[in-house]
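Listed here are the chains, written in short residue letters.
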Amino acid sequence: ILKDIYHLDLDKVEEAKAYMAMMNVHADDLVLVKAKSEEDAKAVEESLKQRNADSVETWKQYLPEQYELVQNYKLERKGNYVFYVVSEKADDLAKKFQSYFEK
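Below: a short report on this structure. Bear in mind the structure is a predicted one, so any value in this text is a computation, not a measurement.

**Observations regarding the sheet that holds strand S3 (residues 74-78)**
Next up, step 1: As summarised here, the arrangement of the four strands in space is S1-S2-S4-S3, forming an open sheet in which the pairing is antiparallel. A single partner strand is all that each edge strand has here, and the edge strands are strand S1 (13-20) and S3. This sheet shows a mean twist of 5° between the axes of neighbouring strands, independent of strand direction.
Next up, step 2: Helix-sheet contacts for helix H1 (residues 38-59) involve S1, strand S2 (29-35), S3 and strand S4 (81-86), and the interaxial angle to S4 is about 10°.

What follows is the structure, encoded as structure tokens:
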């Protein structure tokens, strides 16, 4: 799934967790990746941008409220960590990701 759906090069990934909606009527998506290096994290970031572009294409003709969620995704990177989220709570989750590194 990480390779096929999220376009991740697994040679660049040290650890990853992905959660997606179980039903095809929700666009919710959350991915947290620890890349092997900062350079790899940049590649992961680009892969997740591609995932979002795919999602935009999927949802733009389907359900307007889910399409809006996909358009308002959050993609954050701190060092080797990359966080991607599509959710009604995307802003809050992105802030929590960032605050973790402020400790």
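**Topic: the pairing of S3**
Next up, step 1: With five bridges joining them, S3 and S4 adopt antiparallel strand pairing. Opposite Lys-74, over in S4, you have Val-85 as the bridge partner.
Next up, step 2: Between S3 and S4, which pair antiparallel in sequence order, lie two residues; one of them, Gly-79, sits at a positive phi of approximately 60°.

**Quick look at the packing of aromatic side chains**
Next up, step 1: Enumeration over the complete set of coordinates arrives at six aromatic pairs.
Next up, step 2: Note on Trp-59 and Tyr-62: the rings are 5.2 Å apart at their centroids and 35° apart in plane angle, and the pair reads as tilted.
Next up, step 3: A network of ring pairs unites the aromatic residues Tyr-81, Phe-83, Phe-97, Tyr-100 and Phe-101 as a single cluster.

So, how was this worked out
- The residue numbers shown here count from 1 along each chain, following its written sequence.
- Side-chain atom pairs in this predicted model are given and counted only at pLDDT of 80 or more, local residue features only at pLDDT of at least 70, and totals for whole chains, interfaces and linings cover all residues.
- As a rule here, side-chain values come from all non-hydrogen atoms in the structure, and water together with hydrogens is ignored.
- We call two strands paired when DSSP finds no fewer than two bridges between them.
- Only DSSP runs of H or I with at least four residues qualify as helices, and only runs of E with at least two residues qualify as strands; both kinds are numbered from the N terminus onward.
- The convention used is that axes are lines fitted to C-alpha atoms, helices contributing only their stretch in contact, and that angles between N-to-C directions extend from 0 to 180 degrees.
- Contacts between residues were defined by any pair of non-hydrogen atoms, one from each residue, lying within 4.5 Å.
- The pairing test for Phe, Tyr and Trp rings, Trp by its six-membered ring, is centres within 6.5 Å, and the orientation test on the planes gives stacked under 30 degrees, edge-to-face over 60, and tilted for anything in between.

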